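Secondary and tertiary structure notes
Here is how the chains run, residue by residue.
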Amino acid sequence: MTKKENIVFIGPTGVGKSGLASGILLKAIENGYRCQFIRAQDLFDEMYASLADRSTRQLLKRLARLDVLLVDELGYLNLKPEQSNIFFKLMEERYHRRPSIITSNLDYDEWPNFLGNRAMVEALLSRLRHYCHTVRINGQSLRDPQG
């Protein structure tokens, strides 16, 4: 974690992205790092709620200070522009300071459709991918019904 490099796992549902990302996060916790796992849905809900009670700054500050932040299942939601903007600010504040781990069913070229504002997404990806290991996982779902 001392290198402050991001990890993005990309692949279809059920191939083990969340399991691998969680394993890395657990190792960081075992090594004394302050970490948080959060589902993208919960993160974006929290971001939207923070607008109503004007706590966005505190939320961003708390998340930006974490040694490692794991955002799971990015890409399964419909977002409001305000949520995308807050997510961009969060990634900007973590950029080059703290590593983030993201799992997504979307390849990078699909992120503008998900997050909206193409120029903002290009700036986000420029920062996220600058110090980043992208792991693409293909194959059969590990959740296929048995029998």
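Residues numbered from 1 in each chain as written. Predicted model: local features only at pLDDT ≥ 70, side-chain atom pairs only at ≥ 80, totals over all residues. Heavy atoms only, no water.

Once that is clear, we can look at empty space enclosed by the protein. What the rule picks out here adds up to one cavity of 30 Å³ or more. Roughly 90 Å³ of volume is contained in the largest cavity. For the largest cavity, the full set of lining residues is K4, N6, M91, R94, Y95, H96, R98, S100, R127, L128 and Y131. Partitioned by chemical class, the residues of the lining of the largest cavity number four nonpolar, three polar and four charged. (1 Å grid on protein atoms, 1.4 Å probe; cavity = no way out; pocket = protein on both sides within 12 Å on 5 of 7 lines; lining within 4 Å. Points joined across faces, edges and corners; volume = space filled by probe spheres on them. Nonpolar A, V, L, I, M, F, W, Y, C, P; charged D, E, K, R; others polar.)

Position of R94 among the secondary structure elements: in helix α4 (residues 81–94). An unpaired buried charge is present at R94: no salt bridge exists, and D67, the closest side chain of opposite charge, is 7.4 Å distant. Filtering out sequence-adjacent residues up to four positions away, R94 remains in contact with L63, A64, L66, D67, V68, L69, P99 and S100. (Helix = DSSP H or I, 4+ residues; strand = E, 2+ residues; numbered from the N terminus. Buried < 20%, exposed > 50% of the residue type's maximum accessible area, 1.4 Å probe, protein only. Lys, Arg positive; Asp, Glu negative; His and termini not counted. Salt bridge = Lys/Arg side-chain N within 4 Å of Asp/Glu carboxyl O. Contact = heavy atoms within 4.5 Å.)

In this structure, the largest pocket encloses a volume near 170 Å³. Every residue lining the largest pocket is listed: T13, G14, V15, G16, K17, S18, G19, E73, Y76, T103, L142 and R143. Of the residues forming the lining of the largest pocket, the biggest block, three residues, is contributed by helix α1 (residues 17–30). Classifying every residue of the lining of the largest pocket gives three nonpolar, six polar and three charged.

Once that is clear, we can look at the sheet that holds strand β5 (residues 132–136). Reading across the sheet, the five strands line up as β2-β3-β4-β1-β5 and stay open at both edges, with parallel pairing between neighbours. Each edge of the sheet is formed by a strand with only one pairing partner; in this case those strands are β2 (35–39) and β5. Going from strand to strand, the sheet's axes swing by 10 degrees on average, the running direction of each strand aside. Note: β2 against strand β3 (residues 68–74), five bridges, orientation parallel. Its bridge partner being in β3, F37 is matched across the sheet by L70. (Pairing = 2+ DSSP bridges. Axes fitted to C-alpha atoms, helices over the stretch in contact; angles between N-to-C directions.)

Here the focus is the packing of aromatic side chains. Tallying each qualifying case throughout the model produces three aromatic pairs. Measuring from ring centre to ring centre gives 5.3 Å for F44 and F87, while their planes differ by 50 degrees; the resulting arrangement is tilted. Linking F44 in helix α2 (residues 40–52) with F87 in helix α4, this pair joins segments that are 43 residues apart in sequence. The buried category is assigned to F44, whose relative accessible area is 0%. (Phe/Tyr/Trp six-rings, centres within 6.5 Å; stacked < 30°, edge-to-face > 60°.)

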